[in-house]
Each structure stands twice: as structure tokens, then as C-alpha cells.
Amino acid sequence: MTTNNGFTPGLEGVVAAETALSHVDGLKGELIIAGFPLAELAAKATFEEATYLLWHGRLPTQTELDDLKQELAALRPLPSATLNLLREAAQVHTTPMDALRMAAATLDLGSSHTDPLTTGKMVVARVGTIVASYHRLRQGQPLITPDATLGHAANYLYLLTGERPSEARVRGLETYFNTVIDHSLNASTFAARVIVATQTDLVSAITGAIGALKGPLHGGAPGPALETVFEIGTADRAEAVLQAKLDAGERLMGFGHRVYKVRDPRAEVLGAAAEKMYQADGDMALYELAKAVEATAVRLLASHKPGRNLQTNVEFYTALLLHGLGLDTDLFTPTFAVGRTAGWLAHCFEQMKNGRLMRPQSRYTGEMDREWVPIAAR
Ligand code: ACO
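Residues numbered from 1 in each chain as written. Predicted model: local features only at pLDDT ≥ 70, side-chain atom pairs only at ≥ 80, totals over all residues. Heavy atoms only, no water.

### Quick word on the packing of aromatic side chains
Here's step 1: Scanning all chains against the criterion turns up seven aromatic pairs.
Here's step 2: Taken together, a centroid distance of 5.2 Å and an interplanar angle of 85° make the contact between F316 and Y317 edge-to-face.
Here's step 3: Among the aromatic residues, those joined into a ring-pair cluster are F47, Y156, Y176 and F177.
Here's step 4: The lysine or arginine in question, R164, covers the ring of Y158, its NZ or CZ lying 4.5 Å from the ring centre. (Phe/Tyr/Trp six-rings, centres within 6.5 Å; stacked < 30°, edge-to-face > 60°. Lys NZ or Arg CZ within 6 Å of the ring centre and 35° of its normal.)

### Some details on the environment of S303
Here's step 1: With respect to the helices and strands, the residue S303 is situated in helix 14 (residues 284-304).
Here's step 2: Look at S303 and you get exposed, because its relative accessible area is 56%.
Here's step 3: C-alpha separation for the pair S303 and Y52, spaced 251 residues apart in sequence, amounts to 44 Å. (Helix = DSSP H or I, 4+ residues; strand = E, 2+ residues; numbered from the N terminus. Buried < 20%, exposed > 50% of the residue type's maximum accessible area, 1.4 Å probe, protein only.)

### Quick word on helix 7 (residues 152-161)
What sets the pattern is the α-helix's 3.6 residues per turn: residues three or four places apart point alike.
Here's step 1: Of all 10 residues in helix 7, nine are buried, a share of seventy percent or more.
Here's step 2: Against helix 2 (47-56), helix 6 (116-138), helix 8 (167-180) and helix 16 (332-354) lie the buried residues of helix 7. (Contact = heavy atoms within 4.5 Å.)

### Observations regarding unusual backbone geometry
Here's step 1: Positive phi outside glycine occurs at L11, with the angle close to 55°.
Here's step 2: A relative accessible area of 40% places L11 in the partly exposed class.
Here's step 3: Although it is not a glycine, A34 adopts a positive phi angle of roughly 45°.
Here's step 4: Looking at the secondary structure, you find A34 in the loop between strand 2 (30-33) and strand 3 (36-37).

### Side note on the domain arrangement of the protein chain
Here's step 1: The assigned domain composition of the protein chain is domain 1 (22-220 + 330-354) and domain 2 (222-324).
Here's step 2: For domain 1 versus domain 2, the distance between C-alpha centres works out to 25 Å.
Here's step 3: Contacts between domain 1 and domain 2 engage 29 residues on the former and 27 residues on the latter.
Here's step 4: Overall, the association of domain 1 and domain 2 removes approximately 2000 Å² of surface from exposure, summing both partners, and the carbon and sulfur fraction of that is 72%.
Here's step 5: For the domain 1 face of the interface with domain 2, the top three residues by lost area are R169, Y176 and F332, together amounting to 29%.
Here's step 6: Run the count over domain 1 and domain 2 and you get zero salt bridges.
Here's step 7: Mapped by element, the contributors of at least two residues to the side of domain 1 that touches domain 2 are strand 1 (22-25), strand 2, helix 1 (38-44), helix 8 and helix 16. (Domains from an automatic or database assignment. Buried area = accessible area lost by both parts, 1.4 Å probe. Salt bridge = Lys/Arg side-chain N within 4 Å of Asp/Glu carboxyl O.)

### Focus: the site of the ligand
Here's step 1: Taken together, the neighbourhood of the ligand is formed by 21 residues, with R251, L252, F255, K305 and R308 sitting nearest.
Here's step 2: A distance of 3.4 Å is found between a nitrogen atom of the ligand and a backbone nitrogen or oxygen belonging to L217.
Here's step 3: Between the ligand and L252 there is a distance of 2.7 Å, counted from a nitrogen atom to a backbone nitrogen or oxygen.
Here's step 4: Computed on the free molecule, the ligand has an accessible area of 910 Å², of which 80% lies beneath the protein chains in the complex.
Here's step 5: In terms of residue class, the shell around the ligand is made up of 11 nonpolar, five polar and five charged.
Here's step 6: Counting only domains with at least three residues in the shell around the ligand, you end up with domain 1 (22-220 + 330-354) and domain 2 (222-324). (Near = heavy atom within 4 Å. Polar contact = N/O pair within 3.5 Å; in protein donor to acceptor, adjacent residues only side chain to side chain. Areas by Shrake-Rupley, 256 points an atom, 1.4 Å probe, with all protein chains shown as cover. Nonpolar A, V, L, I, M, F, W, Y, C, P; charged D, E, K, R; others polar.)

### Some remarks on the nonpolar core
Here's step 1: Grouped together as the largest cluster of nonpolar side chains are 107 residues, with contacts concentrated most on Y156, L173, Y176, L320 and L327.
Here's step 2: Mapped onto the domain boundaries, this core takes at least three residues apiece from domain 1 (22-220 + 330-354) and domain 2 (222-324).
Here's step 3: The residues contacting Y156, other than those within four sequence positions of it, are G128, V131, A132, L173, F177, L327, L331, T335 and V338. (Core = buried A, V, L, I, M, F, W, Y, C linked by side-chain atoms within 4.5 Å.)

### A few points about the packing of helix 5 (residues 96-104) against helix 16
Here's step 1: For the pair helix 5 and helix 16, the least separation of the axes is 8 Å and the interaxial angle reads 35°. Where helix 5 abuts helix 16, its residues P96, M97 and L100 lie against T333, P334 and A337.
Here's step 2: Grouping the amino acids of the contact of helix 5 with helix 16 by side-chain chemistry returns five nonpolar, one polar and no charged. (Axes fitted to C-alpha atoms, helices over the stretch in contact; angles between N-to-C directions.)

### Side note on helix 16
Here's step 1: Between its terminal C-alpha atoms helix 16 stretches 33 Å, which fits the 33 Å expected from 23 residues at 1.5 Å a residue.
Here's step 2: The largest bend in helix 16 comes to about 45°, at R340.
Here's step 3: With 20 of its 23 residues buried, helix 16 lies for the most part within the structure. (Expected span 1.5 Å × (residues − 1). Bend = angle between axes of the 7 residues up to and from the residue.)

### Remarks on the pattern of salt bridges
Here's step 1: For the structure shown, the criterion picks out 17 salt bridges.
Here's step 2: Of the charged contacts in the structure, one is a salt bridge between R193 and E350, with a shortest N-O distance of 2.9 Å. Highlighted residues: R193 in helix 9 (residues 187-196) and E350 in helix 16, separated in sequence by 157 residues.
Here's step 3: Looking at E350, the relative accessible area reads 12%, which means it is buried.
Here's step 4: A salt bridge links D264 to R266; the nearest nitrogen and oxygen atoms lie 2.8 Å apart.
Here's step 5: Shared partners join several salt bridges into a network, and the residues in it are D98, R101 and K214.

So, in C-alpha cells, the structure goes:
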């Protein structure tokens, strides 16, 4: 969408960075992460392996993986200033994403790390602890001490629930984290790159990215998507409820994408992971209802916005998978952030190595040649 004098609203189609991290083909519905098709990486890698891949451009050896796991585990406990902030935030009922954004900004308080990789490890390790600790503080539950014997995904579930999760649940969350770990120049990643391109610090970039992810047009959609499925309740009500939303000018959450004009490949991967999990240990009726809602939504959107190709995006099955893992709706976007932080940092490292200050231009649409009027005469 380019207007005649070079203005591109929303920067749609503008190439603003080169990256070796992920490749999105919106017409084929393809997502490649550092050379691997998403479906393969998501299902096979641990979160730590995927993180290493993005940060170093190759898969780790066993020793390198063990070292990264140990380092991340050792960095999980939060500084007392961060915990104090979370306690105060819980008292005034701050939302989890706002609490995460505020707490992330404190992460380098008192830190002597100047090496970006060490700071990155500290941020990745602690973002999960922030989200899980804040959840427990809001519920009035005692905090759980991170378990250094557990991997990142397992420890996150443990910090939330106080119970060691089953292998199937850990695999479900691992698949989710890997699926959302990176997605080219999306809004939050772009925000992180713009910030770090000024040669400021990594914590500033991650804090800004969290703020961008919070918005309902980006990472804030899975909660409302699941609420819609619950509101519909039975498949025979899907058409009436969804049509009423469209007639009222609402957007159907979990559908449409700036880049994908076919079904988001992440929806495919997460849909399959959700099906496996619900079949093993979940409410299959809810899974079937979600499938029916998806089919109805895609059909209605096709006649609501002909030619727009509004298809299912990542958020629809994110909602179903994370709900199946027992996560409350308000943890969906923060959990997205826990996975995406590794990708944001990978983009920051890339930007720091090769990047140039991001400074586009704007087209002035205001008035010219105004005459100053003294305040008494206005
Ligand atoms: N429901 C109803 N109508 C929609 C939807 C939707 N989900 N998505 C787009 N449209 C309509 C828009 O109203 C617009 O109509 P118009 O041209 O008559 O004004 C048209 O389709 C094109 O939409 P745009 O907003 O221009 O498309 P854009 O590329 O900017 O939007 C976006 C992509 C923001 C994701 C949009 O599809 C949307 O709002 N979806 C719902 C929210 C959502 O699921 N967000 C998560 C995205 S995935 C992620 O960020 C991780």
C-alpha cells in the first residue's frame, strides 16, 4: 500500500532490515527459522536449543546446550527490587502485561554485566520468573523457588503451579515457545530493533518490545479469541455470534494477518500440538468446538471482506493450547513474551552487529505560514 509520494502507511511491504533469523512467505504460508521449517524445529527442539540456534546461527553441541541450560537456570532468581515492584503491582491489580513491562525495566538494576550475551541470558532467564511470580502474587499464593534441574519450559510451568509438569505438558509448551520464538520484522521485534539501533541498552529494547506486544492487534488477541469460543459455547451458535460481531464492526480475534494471506503456518503447528494434548489429557469437546468456530469465522470473513484472505492466525490456537496447559487467559500474552524474548534479543544482537540507526521520514500534513497571536488576543 504505497501512496503517490512515497508514503507507505504502516510500512506495509517496506524492507527495513536484513536478517538470518526467520523467513516468512505470506503467500505460501511458510515460516523458516534459521534454516529450519517451523514444524520440524517446533516439534523437535527444546527452547534452549532454539534460543542457541537464533543467537549463534547453528544448533548447539551437547556440551554447549548443557552450558546454556545451566547458565539460564542460575540466572532465574529475581533481584529483590523486581520482586518488590511485583508485590506493589499486585496490590493495585496491575494487569500481568503491564507488570511484566514495568518489571522488565528493572532487570539490570545493580547488574555489572556489560557483555550483551550475558545480559541477554539474564533477560531470557528472568522474564519467565517475572510472569510466573506475578501470577502467584496476584493469586495470594507463596512464591516458588526456581528449580535449576528443570529446563526453561518445565521450570515456567513449575513456577506457575508448584507442581512438576508431565512430559506431555512440557513438550506442549516447548512447541509453543519454539513456534513463537521469532517471526521476522513483526511490530514488537521492529520496536526492539529501532530502540537498540540507537546504541542504547538491551533492557530498554526488551521493555519497549513488551509494550508493543501488549496491544490487541499484535500479541493481545489470544485471550479475546478464547473468550469468543466460550461465548459461542456450542457449534450451532457460531454463525450467529460471529456475524453479530462483524455487523457491530468488531474484528474477529485470531484471524487476519498483515503478511499471511493463507493460513498462518503457526496455527497449523499449534493446532496439531493442541489436538495431541487435548486427546491425551483434555476437553476434546472444546477442541472440536474451536475447530467449528474457526471454520465458521473463515467462511464469514471471506464474505465480509472479499479478496482480503482473512485466515486463522497464530493467536487462535495459542489460546487453545495455553488453555489446555491450564494457563489463565491473562497469562496468554505474557507467555507469548516469555518465548518471544529470545527472538527479540537475537534481532537486537543482529542489529547491534550490522545495523544502522533507524530514522525514516514523515510527510508533513500540518499548516504552514501561521502568524503568531499573542495570548491575550486568542
Ligand atoms: N476481523 C474482521 N475484519 C478484519 C479482521 C478480523 N480479524 N482483520 C482484518 N479485517 C478487515 C479490516 O477491518 C480491514 O477492513 P477495511 O479495509 O474495510 O478497513 C481489512 O480487513 C484489512 O485489515 P487491516 O487492518 O488493514 O489489515 P492489517 O494487515 O493491518 O491487519 C491484523 C492485520 C491487525 C492482524 C488484523 O487482521 C486484525 O486486527 N486481526 C484481529 C486481531 C488479531 O488476531 N491479532 C493477532 C495477529 S498475530 C500477531 O500479531 C502475533
